[in-house]
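Examination of the molecular architecture
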Amino acid sequence: MSNAKKLSLIILAFLGASVWWLVYRSLDPFANWFTYDLLKMVTGSRLALAVEFFIFEAPKVLMLLVVVVFGVGIVRSFFTPERTRRILTGKFEAIGNVLAALLGVVTPFCSCSAVPLFIGFVTTGIPLGVTLSFLISAPMVNEVALVLLFGLFGWKVAALYMGAGLIIAIASGWVIGKLHLERWVESWVYETGTGAKPANDNMPLTWDERVRFGRDSVNEIVGKVWPYVLAGIAVGAGIHGYVPQDFMASIMGKNAWWAVPIAVLIGIPMYSNAAGIIPIVQALLEKGAALGTVLAFMMSVIALSLPEFIILRKVLRPQLITTFAAVVGIGIMVIGYLFNFLI
Amino acid sequence: MKIKILGPGCMNCEKLYETTKSAVAELKLDAELEKVSDLREIQKYIMMTPGLVVDEKVVHQGKPLPDKEKVKKLLQSK
């Protein structure tokens, strides 16, 4: 890239960021003005609360999504699967589990790649448990989930979710590694061995291409999830205005000990992305459900899903899939109880 | 020249197939394009779909997808 072009790109980025920030800062006064001055609603009325909530939250969350997905897209352009595999090869377990969970967050991954990736990892000598740590964290700890949690519930909930997701990915992978379940991997996986020949890495990317990847990610991800986000916030706005406080407290509150395992069990057959599950999460949390129970439900929906098991069935025997689901499910329950207990 | 596009049929694989097709047309290459969707076949080459294989050599895998100009470069570097 020429220097002039680089400079214009930097200036453009700076201008864009400033405009974004100004708009973002004015959302709150705008929602207030829109609700009470333009629509002349009665202060404190249920409808006014719902409208103000929606007008403030919807653009806010979408703006956050665009920026974060773009940024994550650029970060991800530095992590090719080949590089991830090189980092993980020859690492001891434990350290390998931690690295795999962290790399799962930043390596570009789509669930249609789960099987080739699994084979590519285990046939180059990356332990089974380490590979599974990667496969647990990649879908669960993703930028869409984190942005939505941050935008709607604040940075503490987002950080808790991320920390919990990483811990579950690390611990579950480590436990499965300790159980030595390699015999439950379909035997043809190890026999092929062809995945073992390291592929050539992709041609290095230019900054132009990284920016384009960020933009493509925004188009692809935000283009896909925005209706869910809007629907979710609309549901949230309705609940915010109308449903009585503590409505969920008796069923899903801290004192309902049975709520955590039930939430996890209900979550397994449900399959949704982070954007689709947020309306439910928001509705539950605001009306008195306990944070641990709700996060356990959300993690179970995102991390444990029947479609994913069916894809993985091509390489894993049913016993291993069951063990995998059980270990991750128990991990999620422990986290759920822990949060309910501590917070 | 034999070109394989590897992927189980998700959106990205389709996109790469279309990009490659028009790159081949613009370069007026004498190439045979093949979509490979069998996972056992795919995993012989790559870990991340979609993949682009030219004469049995992997020239690209996974995201970010190459655009048409890059695919042209990849085809010509062969």
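Residue positions are given per chain, counted from 1 along the sequence in the order it is written. Labels follow written order: the first chain is A, the first ligand is 1, and so on. This being a predicted model, a pLDDT of at least 70 is required before a residue's local features are given, and a value of 80 or more before pairs of side-chain atoms are given or counted; all residues contribute to the totals for chains, interfaces and linings. For side-chain calculations, the full set of non-hydrogen atoms in the structure is used, while hydrogens and water are omitted.

For salt bridges, the criterion is a side-chain nitrogen of Lys or Arg within 4 Å of an Asp or Glu carboxyl oxygen. Throughout the structure, instances matching the rule amount to 14 salt bridges over all chains. The partner of Glu186(A) in a salt bridge is Arg313(A), with the nearest N and O atoms 2.8 Å apart. Highlighted residues: Glu186(A) in the loop between helix 9 (155-178) and helix 10 (187-192) and Arg313(A) in the loop between helix 16 (306-312) and helix 17 (318-342), separated in sequence by 127 residues. Residues Lys4(B) and Glu56(B) are paired through a salt bridge, measuring 3.0 Å at the closest nitrogen-oxygen approach. One end of the pair, Lys4(B), is in strand 1 (residues 2-6); the other, Glu56(B), is in the loop between strand 3 (51-54) and strand 4 (57-61), with 52 residues separating them in the sequence. Each helix is a run of H or I in the DSSP string that is no shorter than four residues. Each strand is a run of E no shorter than two, and both are numbered from the N terminus.

Before going further, it helps to examine the interface of chain A and chain B. Between chain A and chain B, the residue contacts involve 31 residues of the former and 27 residues of the latter. Summed over both partners, the accessible area (1.4 Å probe) lost when two parts come together is defined as the buried area. Around 2600 Å² of area is buried between chain A and chain B when both sides are counted, 62% of it from carbon and sulfur atoms. Contact with chain B buries area across many residues of chain A, yet Pro116(A), Asn202(A) and Met203(A) alone supply 22% of it, more than any other trio. Remark: the boundary between chain A and chain B carries 2 salt bridges. For the side of chain A that touches chain B, the leading source of residues is helix 6 (residues 114-122) of chain A, giving 6 residues. In the scheme used here, Gly and all other residues not listed as nonpolar or charged are polar, with Ala, Val, Leu, Ile, Met, Phe, Trp, Tyr, Cys and Pro taken as nonpolar and Asp, Glu, Lys and Arg as charged. Its residues assigned to classes, the side of chain A that touches chain B comprises 15 nonpolar, 9 polar and 7 charged. It only takes one pair of heavy atoms within 4.5 Å for two residues to be counted as in contact.

Here we take up the confidence of the model for chain A. One rule of thumb: low pLDDT means the predicted coordinates there are not for detailed reading. For every residue, the predictor states its confidence as a pLDDT score lying anywhere from 0 to 100. Summarising the model, chain A shows a mean pLDDT of 85, and 94% of its residues fall at 70 or more. Mean pLDDT values for the elements of chain A range from 74 in helix 12 (residues 249-252) of chain A up to 93 in helix 9 of chain A.

The subject of this paragraph is the confidence of the model for chain B. Model confidence for chain B is summarised by a mean pLDDT of 86, while 99% of its residues fall at 70 or above. Within chain B, the lowest mean pLDDT, 80, falls on helix 2 (residues 39-42) of chain B, and the highest, 91, falls on strand 1 of chain B.

Right, let's get into the nonpolar core. Counting 108 residues, the largest nonpolar core has Phe118(A), Leu128(A), Phe134(A), Leu135(A), Tyr161(A), Met298(A) and Val315(A) as the members making the most contacts within it. Residues in contact with Leu135(A), not counting those within four places in the same chain, are Phe109(A), Ala114(A), Leu117(A), Phe118(A), Glu308(A) and Leu312(A). We define the nonpolar core as a collection of buried residues of types Ala, Val, Leu, Ile, Met, Phe, Trp, Tyr and Cys that are connected through side-chain atoms lying within 4.5 Å of one another. Note on classification: 1.4 Å probe, protein chains only; a residue is buried when its accessible area is under 20% of the maximum for its type, exposed when over 50%, partly exposed between these limits.

For the rest of this paragraph, the subject is the environment of Ala164(A). Residue and element names in this part refer to chain A. Checked against the element boundaries, Ala164 lands in helix 9. Ala164 gets classed as buried once you look at its relative accessible area, which sits at 2%. Sequence separation between Ala164 and Phe339 is 175 residues; the distance between their C-alpha atoms is 9.5 Å. Residues contacting Ala164, with those up to four places away along its chain left out, are Met299, Ile335 and Phe339.

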